[in-house]
Amino acid sequence: MKDIFKAPFVEEMKKMTANMYRLGWDERNGGNISWMLDEEEVGEYLDLSQVIRTIPIGFEAKELIGKIFIVTGTGKYFKNVMDDPETNLGIFKIAADGCTAELLWGYKDGGKFTSELPAHLMSHMARLSVDPENRVVMHTHPTYTLAMNYVHELDEKKFTHSLWEMCTECIVVFPDGIGVLPWMLCGTNSIGEATAEKMKEFRLVVWGMHGIYGAGKSLDETFGLIETVEKAAQIYILTAHLPRVNTIKDSEMKELAEYFGVNYRKDFLNL
Ligand code: 2HA
Ligand code: ZN
């Protein structure tokens, strides 16, 4: 058996959480990540028949039965994953009943997965239904994106449009736009269901006055989506109080989307 502490998926989670912490997006226990792993690859590091303990999920994740995930722990700090991945992360398999997580590694102090697991697993199911290659769901509290929530209308078209205007590459990176939810109580199945509903249409979902969810094929791609939104939100906040002299026009955004061949939300432009 290979050394789990050297597994690429553990290494990548360590680096990603450390990076996000240093960006100031994941204060205290803020943020959580789930990543669906390849069973064969995990099998090189862990005996998949050795279940440490079982943890109820709190809903039925039928489409994910048998799938293995690496997920950040509840109450755990991104800051601490690098030095103690076995306490701050866990790897589990969704049991045959669809309602139980079978812990294979991690949560060493008796802990469990993030309180946002419903939003994560429901989002995985929603994304997989439209993109079978989706593997990652990431939640974080990026500073400028959050700041923008307080001074900009929480309207999907308007929010997406404002961000598209802020950086030339935005419409190319997230042509599908951003879903927006109003402020809702977090950690619940209800916010999970609302997020998953949006995830059928968007890879990015803003949780009003809380943070953002992103989904993608890899940690890198998912981070890149959120990072691009955050950069655009930063430009927005840095310029929102100043007279606007120039802007990227809707006709130019259309030109960009067509040149790069992306399928963009035409109804989010005013042409
Ligand atoms: O896990 O970010 O939304 C901490 C959070 C809750
Ligand atoms: Zn949060």
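Cut-off values and rules
Residues numbered from 1 in each chain as written. Chains lettered and ligands numbered in written order. Predicted model: local features only at pLDDT ≥ 70, side-chain atom pairs only at ≥ 80, totals over all residues. Heavy atoms only, no water. Patch = residues over 30% accessible without salt bridge, like charges linked within 9 Å, V, L, I, M, F, W, Y side chains within 5 Å. Areas by Shrake-Rupley, 256 points an atom, 1.4 Å probe, with all protein chains shown as cover. Salt bridge = Lys/Arg side-chain N within 4 Å of Asp/Glu carboxyl O. Helix = DSSP H or I, 4+ residues; strand = E, 2+ residues; numbered from the N terminus. Near = heavy atom within 4 Å. Polar contact = N/O pair within 3.5 Å; in protein donor to acceptor, adjacent residues only side chain to side chain. Pairing = 2+ DSSP bridges. Axes fitted to C-alpha atoms, helices over the stretch in contact; angles between N-to-C directions. Contact = heavy atoms within 4.5 Å.

A. Representation of a nonpolar patch on the surface within the structure. A cluster of nonpolar side chains, Tyr150, Val151, Leu154, Trp183, Leu185 and Met209, forms an exposed patch at the surface whose accessible area comes to about 640 Å². With respect to the helices and strands, the residue Leu185 is situated in the loop between β7 (179-181) and α9 (189-199).

B. A look at the site of ligand 1. Taken together, Asn29, Gly30, Gly31, Asn32, Glu116, His139, His141 and His210 are the residues near ligand 1. A distance of 3.0 Å separates an oxygen atom of ligand 1 from a polar atom in the side chain of His141. Separating an oxygen atom of ligand 1 from a side-chain N or O atom of His210 is a distance of 2.9 Å. Coverage of ligand 1 by the protein chains reaches 88% of its 220 Å² of free accessible surface.

C. Expanded view of the sheet that holds strand β8 (residues 204-207). Across the sheet, which stays open at both edges, the 9 strands sit in the order β2-β5-β4-β3-β1-β6-β9-β8-β7 with mixed pairing between neighbours. Looking at which strands have only one partner, the edges of the open sheet turn out to be β2 (53-56) and β7. Each adjacent strand pair in this sheet contributes to an overall mean axis angle of 25°, direction not counted. Across the sheet, helix α1 (residues 8-22) touches β1 (32-37), β3 (68-72), β4 (89-94), β5 (100-106) and β6 (136-140), and the angle it forms with β1 is around 160°.

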